[in-house]
Amino acid sequence: MSRPQFRTAVVVRAAATLLLLAPLAACTDPPADGLTGTAVFLDDTGRGDSPIDKGWIIAVPAAAVDKLWSDTGNDPIGQQDLSYLDARINRDQVTQAGGVIAALDDDGEFVLPAKEGQYLLCRLESADIGGGEVIQGCRLLALPASGELRITSADGGFYAKMKD
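It should be emphasised that the depicted structure is a prediction, and the values quoted were computed from it without experimental measurement. (Residues numbered from 1 in each chain as written. Predicted model: local features only at pLDDT ≥ 70, side-chain atom pairs only at ≥ 80, totals over all residues. Heavy atoms only, no water.)

Comments concerning the pairing of strand 9 (residues 148-154)
Two strands pair when backbone bridges link them, and strand 1 (residues 35-41) and strand 9 are joined in this way by six bridges, in the parallel orientation. Bridge pairing in strand 9 links V40 to T152. Here strand 9 runs beside strand 10 (residues 157-162); their pairing, made up of six bridges, is antiparallel. Looking across to strand 10, one finds that I151 is bridged to A160. Linking two consecutive strands that pair antiparallel, namely strand 9 and strand 10, is a turn of two residues. (Pairing = 2+ DSSP bridges. Helix = DSSP H or I, 4+ residues; strand = E, 2+ residues; numbered from the N terminus.)

Shown next, in the form of structure tokens:
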């Protein structure tokens, strides 16, 4: 094979490879916007922490919380009660209040599409009795434009903080 024929063959193979890879690239998920995070149950018995792999993390703008509570028939909440808060609310009510929702995956990981600001972060799960959904702890937190959240739940209640 002469040099010009070799170069043409290489270019044709490279183009064919790119054409085959293009559909694969289109099938991959685009990068998610928002804060990334992990949620775990803390264990103090020596068995080790485990991912919270069911439910959702919700973020409601702090300015909308009182109205959301009133609209959903929940009693007003005090700061000292947030970590142990147990209240019925559903995902539709969260989004109607301007909040955002992130599903927890099998590893307790999530992407929360919240903008920078003050939020009430809560863990939401399906209710065992009566159907619907129920909050299992909250925390007020100022969220940055980007970063990583760590959510924990334990005997001490719900806790959320930005990772350093």
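From this point on, the discussion continues.
Some thoughts on the pattern of salt bridges
With the rule as written, the count across this model stands at five salt bridges. We note a salt bridge from K54 to D53, for which the minimum N-O separation is 3.9 Å. Take K54: its relative accessible area is 60%, and that puts it in the exposed class. Of the charged contacts, one joins E133 and R91 as a salt bridge, the two residues approaching to 2.7 Å between their closest N and O atoms. In this pair, E133 is assigned in strand 8 (residues 133-143) and R91 in helix 3 (residues 91-96), connecting sequence segments 42 residues apart. Here E133 falls in the buried class, since its relative accessible area comes to 10%. For R91, a relative accessible area of 31% gives the class partly exposed. (Salt bridge = Lys/Arg side-chain N within 4 Å of Asp/Glu carboxyl O. Buried < 20%, exposed > 50% of the residue type's maximum accessible area, 1.4 Å probe, protein only.)

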